[in-house]
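Residue strings, one per chain:
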Amino acid sequence: MRKSLFRLFILGAGLLITSSAWAASPWAESYRLEALAQYQPAIDVLEPLIRQEPRNDFAMLRRGWLHYLKGEYNQAIKDYQTALEINPKSLDARLGLTLPLLAQQRWREATAHADRVLQTAPWNYYAHLRKMVAEEGEKQWQALAKHAAAVAERYPSDANALVYLARANLWLGHKDAAGKAYRKVLERIPDHVEALQFLASGG
Amino acid sequence: MKAKKILRQYACAVVGLALASPALAGDWYWGSALQGLTKHYSGSEQLDSLSGVGLSLTADYLERGGIAAGYNYNEKRYLSGLLNAPQSVREHVVFGDLHINVYPDPLPGPLTLRLDGYAGQDEIRSRITTTLPGPMGGSGTRIDSHYDDFWALHPVVSFLNYAKTLYLDLGYAFSHYANDDGVTDDLDVRQWTPTLGLGFNQAYDWVQLRAYVIDLSRSNRIGDKRSTRALEAKWFHWFGIDPPLGLHSVFLSLLGGERLYAVDGDAHALYNIADLQTGAAALGAEWTLGRDSQLLLVGGYDRAETLTSNDTYHGSYLFAQLSHHW
């Protein structure tokens, strides 16, 4: 009995030491600082990990994300590209790249990366979402309507695709189809402002 | 004549590229445009009409930059029976455009660095009465041509914010006009064009103001004129849902002041005759045809004065452009 209690004590102490060590890790500190919107300090604590060999693609992804949040889109693009060089199969890096590109309204370039993801993972939700953002940016209403309908079919609980479907139909002059899509949005998000405004305006 | 051969080869290359480009897909986005212009002059002691055709091709690599190339042919006809004017002027102009977009993080929008280049040749055709007998006896006539070459370089740096509410650009153009008739002086033209554009009404409307500050070298082709100043104002309106007549957009353009030997980068046009523009107005409408084509129709009016003869006249024109991208 005494022996078992001693073993339990050793295990508990080990877990405590390990968890407190992780709590003090650069990763944990970076997440904590990000939550406080302190993006540069969140980047700074990662620097030792980024300088390590072999290179850590996740550290580059993380720094790219933080640069994106900071509005430093060119640096974010470089970080995501470096992550892609380290791990050419990384879908995360390609999806990451679409974020600063969309922020810079580089719709075609973002679409090119989303398409590369879709070659590997044909119904990757985020790739489709980023591509729909680009289609809206380029005012490709016919393409967006067709695309959003296909995404909504595959992700029936998602409201985003339905919003894009409604917007595209509105621009194409298909008000009934737009209203139908907005009503479905309200089934998923009852206080969705855009859908409520459309229906309140008699749509 | 060598210049003419080069122009012809360039025109063939543009047409060849236009035909081959659909096969070159990928991250390049291609566009092409065909255009036609017809213009009639009123009140002129010399000018009768002008007609022109053009073809251009654009290629953009994603949103990083692109190139454009084009060829325009114009023929200006003079009133018949004049002793002091040519019968017609045939003009060949080729142009190229190279631009890159950069996205500096401190700026809320991209900067575009653009360089346009133009090269052209005017064939001035005059009817010469000879003392030699013609086919039916008496004196004969023949067409005599001489050629004037010209070129222009037009760098522009521009900024457009992401919200599409502010546009700024600064353009500079240097143009050189040569003459081989032994009488008319060569001419150098320096042009500055600061531009301000403002978008409003949720980007459905756009107003653009462009100043033309033009300085000219001493030349007997322009009399005493050494500089001109003009202001061009344009208003664009884009239609949203349920547009009238299926219109995509309309625009109104007005020009006040004086403008001579101007380079118009928006239209890829050189105003390369010694006629002082003293006012212009144009109204344009654009339709979207299908998913990838547009039709632009523009009707316009301008007032001008020939500096060497004080011939004041106005011209009215119709311009059509069919463009397609893929």
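Criteria and thresholds
Residues numbered from 1 in each chain as written. Chains lettered and ligands numbered in written order. Predicted model: local features only at pLDDT ≥ 70, side-chain atom pairs only at ≥ 80, totals over all residues. Heavy atoms only, no water. Phe/Tyr/Trp six-rings, centres within 6.5 Å; stacked < 30°, edge-to-face > 60°. Buried < 20%, exposed > 50% of the residue type's maximum accessible area, 1.4 Å probe, protein only. Lys NZ or Arg CZ within 6 Å of the ring centre and 35° of its normal. Helix = DSSP H or I, 4+ residues; strand = E, 2+ residues; numbered from the N terminus. Contact = heavy atoms within 4.5 Å. Buried area = accessible area lost by both parts, 1.4 Å probe. Salt bridge = Lys/Arg side-chain N within 4 Å of Asp/Glu carboxyl O. Polar contact = N/O pair within 3.5 Å; in protein donor to acceptor, adjacent residues only side chain to side chain. Nonpolar A, V, L, I, M, F, W, Y, C, P; charged D, E, K, R; others polar.

K.L.:
Outline the packing of aromatic side chains, supporting the account with residue identities and numerical values.
P.N.:
Scanning the entire structure with this criterion turns up 18 aromatic pairs over all chains. A centroid spacing of 6.5 Å and a plane angle of 40° characterise the contact between Trp28 of chain B and Trp30 of chain B, whose relative ring orientation is tilted. Accessibility expressed as a relative area gives 36% for Trp28 of chain B, which makes it partly exposed. The rings of Trp65, Tyr68 and Tyr73 of chain A are connected pair by pair, giving a single aromatic cluster. Against the face of Tyr29 of chain B rests Arg108 of chain A, its NZ or CZ located 4.0 Å from the ring centre. Of note, Arg259 of chain B hangs over the ring of Tyr212 of chain B, and the distance from its end group to the ring centre comes to 4.6 Å.

K.L.:
Account for unusual backbone geometry, with residues named and values stated.
P.N.:
Residues Glu53 of chain A and Pro54 of chain A are joined by a peptide bond in cis, for which omega reads -5°. Unlike most non-glycine residues, Ala203 of chain B shows phi in positive territory, near 70°. Along the polypeptide, Ala203 of chain B turns up in the loop between strand S8 (187-200) and strand S9 (205-216).

K.L.:
Describe the interface of chain A and chain B, naming the residues involved and giving the relevant values.
P.N.:
Opposite the 18 residues of chain A that make contact, chain B presents 17 residues. Taken together, the two surfaces of chain A and chain B that pack against each other cover about 1,500 Å², and 49% of this comes from carbon and sulfur. There are 1 salt bridge connecting chain A and chain B. Here Glu109 of chain A ties to Arg64 of chain B by a salt bridge, and the two come within 2.4 Å at their closest N and O atoms. Linking chain A with chain B are 10 residue pairs in polar contact (both at pLDDT 80 or more), by the criterion used here. Contributing elements (two or more residues each) for the side of chain A that touches chain B: helix H6 (73-86), helix H8 (107-120) and helix H11 (160-171) of chain A. Element by element, the count of residues in the side of chain A that touches chain B is highest for H8 of chain A, at 4 residues. Tallied by class, residues from the side of chain A that touches chain B come to 6 nonpolar, 7 polar and 5 charged.

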